Amino acid sequence: MTVTALLTAIAIAIPIVMPIKVLIEPASFTLASHVPIFFAMFLSPAIAAAVSLGSAVGFLLAGFPIVITMRAMSHVVFALVGALYLRGKREELLSSPVKSVFFSFWIALVHALAEVLVVSVFFFGLAPGGTYQDGFFYAVFMLVGVGTVIHSMVDFFITQVVWKSLGKRMNQIAVKVS
């Protein structure tokens, strides 16, 4: 529970205090905003879901537009899918550069698809909170879809570097919480 609380607190704080933020609605890119979620994903599905929800709270408290907060809420999807896939495979996957890159890309596609679906609801006026001057291809597919894949993979790499730098201690924690 302590690990979940710490990761959730970090996930809430990042969108509020991180100085590196790019906001081009409906997209936003906050450096390292997915790092606590990936850490949680390496630990367990339940922790991944809780931290993802905490991240959405952080974007809400930071005053981001509702479409961006809802994109953050969609992180529960990729976090759960990734955490379920990683059960029993985490060490093997993280120790192989090739497998890590493939996993990072695959989970980034899941991540992007969930965000594109959320933004599409706003783009087509099915939910209030967004009016977009740019076309669907640019605003939703390129900015949100392709941008999310790149952002997700960068944050996965940051998480992997930090996880590996913590060494055996993280593996011991992972064994205790799973």
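- If you check an unreviewed UniProt entry, the protein chain appears there as Niacin transporter from Alkalibacterium thalassium.

Things to note about the packing of aromatic side chains
Line of reasoning, step 1. Going through the model one piece at a time under the given rule, you end up with 14 aromatic pairs.
Line of reasoning, step 2. When the centroid spacing of 5.4 Å and the interplanar angle of 55° are considered together, the rings of Phe 39 and Trp 163 count as tilted. One end of the pair, Phe 39, is in helix 2 (residues 35–43); the other, Trp 163, is in helix 8 (residues 136–166), with 124 residues separating them in the sequence.
Line of reasoning, step 3. Relative accessible area serves as the criterion here: at 8%, Phe 39 is assigned to the buried category.
Line of reasoning, step 4. A centroid spacing of 5.7 Å and a plane angle of 15° characterise the contact between Tyr 85 and Phe 103, whose relative ring orientation is stacked. Of the two residues, Tyr 85 is situated in helix 5 (residues 75–86) and Phe 103 in helix 7 (residues 97–123); the sequence distance between them amounts to 18 residues.

Thoughts on empty space enclosed by the protein
Line of reasoning, step 1. Under the counting rule described, the total for this entry stands at one cavity of 30 Å³ or more.
Line of reasoning, step 2. As for the largest cavity, its lining consists of 14 residues, and the residues nearest its centre are Ser 28, His 34, Arg 71, His 75 and Glu 115.
Line of reasoning, step 3. Looking at the lining of the largest cavity, the elements that each hand over two or more residues are strand 2 (27–30), helix 4 (66–73), helix 7 and helix 8.
Line of reasoning, step 4. Of the residues in the lining of the largest cavity, the class split is four nonpolar, eight polar and two charged.

Some remarks on the nonpolar core
Line of reasoning, step 1. With 30 residues, the main nonpolar core has Met 41 and Trp 163 as its most contacted residues.
Line of reasoning, step 2. Elements with a contribution of two residues or more to this core: helix 1 (2–17), helix 2, helix 3 (45–61), helix 5, helix 6 (90–95), helix 7, helix 8 and helix 9 (168–177).
Line of reasoning, step 3. By residue number, the principal contributor to this core is helix 2, which donates eight residues.
Line of reasoning, step 4. Once residues within four sequence positions are removed from consideration, Met 41 is found in contact with Ala 48, Phe 78, Ala 79, Gly 82, Ala 83, Leu 86, Phe 103 and Ile 107.

Concerning the packing of helix 1 against helix 2
Line of reasoning, step 1. Two elements in contact, helix 1 and helix 2, have axes separated by 9 Å at closest approach and are oriented at 160°. Classed by the angle they form, the pair helix 1 and helix 2 counts as roughly antiparallel. You can see that helix 1 and helix 2 cross each other, and the crossing is left-handed. Here Val 3, Leu 7, Ile 10, Ala 11 and Ile 14 of helix 1 lie close against helix 2, whose contacting residues are Pro 36, Phe 39, Ala 40 and Leu 43.

Describing the packing of helix 3 against helix 4
Line of reasoning, step 1. Remark: helix 3 packs on helix 4, axes separated minimally by 8 Å, with the N-to-C direction vectors making an angle of 170°. Relative to helix 4, helix 3 is oriented roughly antiparallel. Of helix 4, the residues touching helix 3 (which contributes Ser 52, Leu 53, Ser 55, Ala 56, Phe 59 and Leu 60) are Ile 68, Thr 69, Ala 72 and Met 73.
Line of reasoning, step 2. Of the residues that constitute the contact of helix 3 with helix 4, the class distribution is seven nonpolar, three polar and no charged.

With respect to the pattern of salt bridges
Line of reasoning, step 1. Considering all chains together, one arrives at three salt bridges under this definition.
Line of reasoning, step 2. The salt bridge partner of Arg 71 is Glu 115, with a shortest N-O separation of 2.6 Å. Of this pair, Arg 71 sits in helix 4 while Glu 115 sits in helix 7, placing them 44 residues apart in sequence.
Line of reasoning, step 3. Here Arg 71 falls in the buried class, since its relative accessible area comes to 5%.
Line of reasoning, step 4. Across the salt bridge formed by Lys 99 and Glu 92, the nearest N and O atoms sit 2.6 Å from each other.
Line of reasoning, step 5. On the accessibility criterion, Lys 99 (39% relative accessible area) is partly exposed.

Definitions and cut-offs
- Residues numbered from 1 in each chain as written.
- Predicted model: local features only at pLDDT ≥ 70, side-chain atom pairs only at ≥ 80, totals over all residues.
- Heavy atoms only, no water.
- Phe/Tyr/Trp six-rings, centres within 6.5 Å; stacked < 30°, edge-to-face > 60°.
- Helix = DSSP H or I, 4+ residues; strand = E, 2+ residues; numbered from the N terminus.
- Buried < 20%, exposed > 50% of the residue type's maximum accessible area, 1.4 Å probe, protein only.
- 1 Å grid on protein atoms, 1.4 Å probe; cavity = no way out; pocket = protein on both sides within 12 Å on 5 of 7 lines; lining within 4 Å.
- Points joined across faces, edges and corners; volume = space filled by probe spheres on them.
- Nonpolar A, V, L, I, M, F, W, Y, C, P; charged D, E, K, R; others polar.
- Core = buried A, V, L, I, M, F, W, Y, C linked by side-chain atoms within 4.5 Å.
- Contact = heavy atoms within 4.5 Å.
- Axes fitted to C-alpha atoms, helices over the stretch in contact; angles between N-to-C directions.
- Parallel < 35°, antiparallel > 145°, perpendicular 65-115°, else oblique.
- Left-handed = near helix turned anticlockwise from the far one by under 90°.
- Salt bridge = Lys/Arg side-chain N within 4 Å of Asp/Glu carboxyl O.

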